[in-house]
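Residues per chain are reported as follows:
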Amino acid sequence: MKVLSILGALAMLRTAAGAAVQTDEDGMPKLDPVVEQDSTVYGQADAKNHVVFAKDMHGSFKIPLFLKNGLDPESKRAQRLERTRRMKSFAQIQPSQVQMAADVSTASLTNVKDYYYYGYIGIGSPPQKFSVVFDTGSSNIWVPGQECHSSACTEHRRFDQRSSATYHATEKKIQIQYGTGFIAGNIARETVQVAGSVVLQNQSFAATSTEDRTFELPRSQFDGLFGLGFTGGSEGGVRAPVDTMVQENLLKEPLFGVKLFKGTDKGNGEITFGSYDRSFGNKLSWIDVYGDFFWATTMEGIFYGDEPTNLLYGADKVNSANASGALTPADAARASRKALLDTGSSLLYGDPFTLAAMSNRIGANALSGEIPCSALSSLKSFHFILGGKRFSMKPKDYIYHDDATGICEVQWMPVNEYLWILGIPFLQSHYSVYNIKEHKMGLAPMS
């Protein structure tokens, strides 16, 4: 089955740093799904006093998102050690051994869980409330089921089918492997309320029967997941909730906008379904979505400041071949990198060769990602070319400054993929709009 990793960390390399890399029959590094060593805490299990649902006009409503910060010194130290281990291990791999993603649907994604933004939904009649991660990198809804006796379930709210008058069982079952996280459950159809304003009738969702320790407290204080991807990316072949919203004509406009703030000084963030913040209207740059699975697009380059060098590994060959007519537009799109905008991932994830070039360019340690804090004032922006258009991240967006320890480090992590994940740091610096019907994404700088 397809392997997703939106809510789990990428499986660690089996060998220790400096040891010989073991590869499988395809020449790929072997991965071992061991549990992360961190002490991330995501907040209170019940934040009902914080929930204020707001409705603008018919078919347009907002969901407040609550940021839970797990960037404590110990978890950041573990993150630096893991970055170092991966970079040392990847350094022994030839570029030809890094997997070129043929399609977004087969890609392995990752989340180290330094940040989470979550909101609330109701399932059943009367509605039972659950806190969920709204995730553009997946397409299913799942929450713990009453029959699940795993610690990860009993520590959270569980859906009780006996208390709902609109529950419809099916014969379908679901299993999802999230790198280090695993859930299994039964697919059913239910009434799902989002923000208390929109009602999805007979919406498919999964009530879990098993969840592994990744989803236990205090690591995961959200109850479940609300996927915002397309039906093509759903497990079990069920209709994705965003497609239900559009096909049932529940939205004023067939889109949603995501605003994520850093910290809590401006509020945590919000998702607006059926409309978007018009103050960003003239600033939005629209790009096409690649594929019918998640919110991904093509990625043609990464540039630093006003320098002409494209740091994206292999992009010069793809772009030069395309310019000479050696590649058709369709071939160029498939050959180029793909980048997924992912509200469920806490960092930027990309191939180690590009990330090493980025770290070296700004004077950061290519292994640990650390950089002297005194250098921050002289750094310039990185510019990402997505769908042929340029989007920038300022140093304050791609460098994390830990005031408690005085350590500064990059906000990216290597993976053995050519699929890039543009997670929370990128989305905190850009207001994003997702047009479900036209398969387009709009991005505008937050500041």
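My aim in this report is to walk through the structure given alongside it, one point at a time.

About the thresholds
Residues numbered from 1 in each chain as written. Predicted model: local features only at pLDDT ≥ 70, side-chain atom pairs only at ≥ 80, totals over all residues. Heavy atoms only, no water. Helix = DSSP H or I, 4+ residues; strand = E, 2+ residues; numbered from the N terminus. Buried < 20%, exposed > 50% of the residue type's maximum accessible area, 1.4 Å probe, protein only. Contact = heavy atoms within 4.5 Å. Areas by Shrake-Rupley, 256 points an atom, 1.4 Å probe, with all protein chains shown as cover. Polar contact = N/O pair within 3.5 Å; in protein donor to acceptor, adjacent residues only side chain to side chain. Disulfide = S-S within 2.5 Å. Pairing = 2+ DSSP bridges. Axes fitted to C-alpha atoms, helices over the stretch in contact; angles between N-to-C directions. Phe/Tyr/Trp six-rings, centres within 6.5 Å; stacked < 30°, edge-to-face > 60°. Salt bridge = Lys/Arg side-chain N within 4 Å of Asp/Glu carboxyl O. Core = buried A, V, L, I, M, F, W, Y, C linked by side-chain atoms within 4.5 Å.

1. Describing the overall build of the protein
Okay, so step 1: What the protein contains, in helices and strands, is 8 helices and 27 strands.
Okay, so step 2: Among the 447 residues that make up the protein, the fraction classed as buried is 57%.
Okay, so step 3: In the protein, the proportion of contacts linking residues at least 24 apart, taken out of those at least 6 apart, comes to 74%.
Okay, so step 4: For the protein, the computed accessible surface area is about 17,400 Å², with 50% contributed by carbon and sulfur atoms.

2. Some details on the environment of His 383
Okay, so step 1: You can see His 383 is positioned in strand β20 (residues 382-386).
Okay, so step 2: A sequence separation of 73 residues divides His 383 from Asn 310, and the C-alpha atoms of the two residues are 9.8 Å apart.
Okay, so step 3: Other than its neighbours up to four places away in sequence, His 383 contacts Gly 301, Ile 302, Phe 303, Gly 305, Arg 390, Phe 391 and Ser 392.
Okay, so step 4: Within the structure, His 383 has its side chain in polar contact with the backbone oxygen of Gly 305 (distance 3.1 Å).

3. Remarks on unusual backbone geometry
Okay, so step 1: A cis geometry characterises the amide bond from Ser 125 onward to Pro 126, with omega recorded as 0°.
Okay, so step 2: Summarising the element assignment, Pro 126 is placed in the loop between β6 (115-123) and β7 (128-135).
Okay, so step 3: A positive phi angle, near 55°, is found at Asn 202, a position not held by glycine.
Okay, so step 4: Along the chain, the position of Asn 202 falls in strand β11 (residues 198-211).
Okay, so step 5: Overall, the relative accessible area of 45% leaves Asn 202 in the partly exposed class.

4. Brief notes about the state of the cysteines
Okay, so step 1: Tallying each qualifying case throughout the model produces 2 disulfides.
Okay, so step 2: The disulfide that involves Cys 373 links it to Cys 408, with 2.1 Å between the sulfurs. Sign of the S-S torsion, about 115° for the bond between Cys 373 and Cys 408, identifies this disulfide as right-handed. Of this pair, Cys 373 sits in the loop between β19 (370-371) and β20 while Cys 408 sits in strand β23 (residues 407-410), placing them 35 residues apart in sequence.

5. Points about the sheet that holds strand β24 (residues 412-414)
Okay, so step 1: Strand order in the open sheet formed by 7 strands is β21-β20-β16-β17-β25-β18-β24, with mixed pairing between adjacent strands. The open sheet has two free edges, formed respectively by β21 (389-393) and β24, since each of these has just one partner strand. Shown here is a sheet whose adjacent strand axes are inclined to one another by a mean of 35°, direction ignored.
Okay, so step 2: Sheet topology note: the strand β17 (residues 337-341)/strand β25 (residues 419-422) ladder contains 4 bridges and is parallel. Opposite Ala 339, over in β25, you have Trp 420 as the bridge partner.
Okay, so step 3: Lying over the sheet, helix α6 (residues 352-362) contacts β16 (296-304), β18 (348-350), β20, β24 and β25, oriented at roughly 140° with respect to β24.

6. Quick look at the packing of aromatic side chains
Okay, so step 1: Here the structure, examined in full by the defined rule, presents 17 aromatic pairs.
Okay, so step 2: Note on Tyr 118 and Tyr 120: the rings are 5.9 Å apart at their centroids and 70° apart in plane angle, and the pair reads as edge-to-face.
Okay, so step 3: Both rings, one in Phe 382 and one in Trp 412, keep their centres 5.9 Å apart while their planes meet at 80°; by these two values the pair is edge-to-face. Note that Phe 382 is positioned in strand β20 and Trp 412 in strand β24, a separation of 30 residues in sequence. Comparing Phe 382 with Trp 412 shows no difference in burial state: the two are buried.
Okay, so step 4: By the ring-pair criterion, three or more aromatic residues cluster together here, those being Phe 230, Phe 256, Phe 273, Trp 295 and Tyr 434.

7. Some points on the pattern of salt bridges
Okay, so step 1: A full pass over the atoms with the stated rule returns 9 salt bridges.
Okay, so step 2: The closest approach of N and O atoms between Arg 239 and Glu 248, which form a salt bridge, is 3.3 Å.
Okay, so step 3: Since its relative accessible area comes to 29%, Arg 239 is described here as partly exposed.
Okay, so step 4: A relative accessible area of 45% places Glu 248 in the partly exposed class.
Okay, so step 5: A salt bridge links Arg 361 to Glu 307; the shortest N-O distance between them is 2.3 Å. A residue pair is termed long-range when its members are at least 10 positions apart, and Arg 361 in helix α6 and Glu 307 in the loop between β16 and α4 (315-323) qualify at 54 residues.
Okay, so step 6: On the basis of relative accessibility, which here comes to 35%, the residue Arg 361 falls in the partly exposed class.

8. A short note on α6
Okay, so step 1: Within α6 the residues assigned to the buried category are Pro 352, Thr 354, Leu 355, Ala 356, Met 358, Ser 359 and Ile 362.
Okay, so step 2: Looking at where α6 begins, the residue whose side-chain oxygen comes 3.2 Å from the main-chain nitrogen of Phe 353 is Asp 351.
Okay, so step 3: In the segment just after α6, Gly 363 is the residue with positive phi, at about 85°.

9. So, the nonpolar core
Okay, so step 1: The biggest cluster of nonpolar side chains holds 66 residues, and the ones touching the most others in it are Ile 362 and Phe 384.
Okay, so step 2: Among the elements that make up this core, the one with the highest residue count is β11 (4 residues).
Okay, so step 3: When residues no more than four places from it in sequence are discounted, the contact partners of Phe 384 are Met 299, Gly 301, Ile 302, Leu 348, Met 358, Lys 389, Arg 390, Phe 391, Met 393, Trp 420, Leu 422 and Phe 426.
Okay, so step 4: In terms of nonpolar packing, the next biggest core, distinct from the first, is built from 13 residues, Trp 142, Ile 174, Ile 187 and Leu 225 among them.

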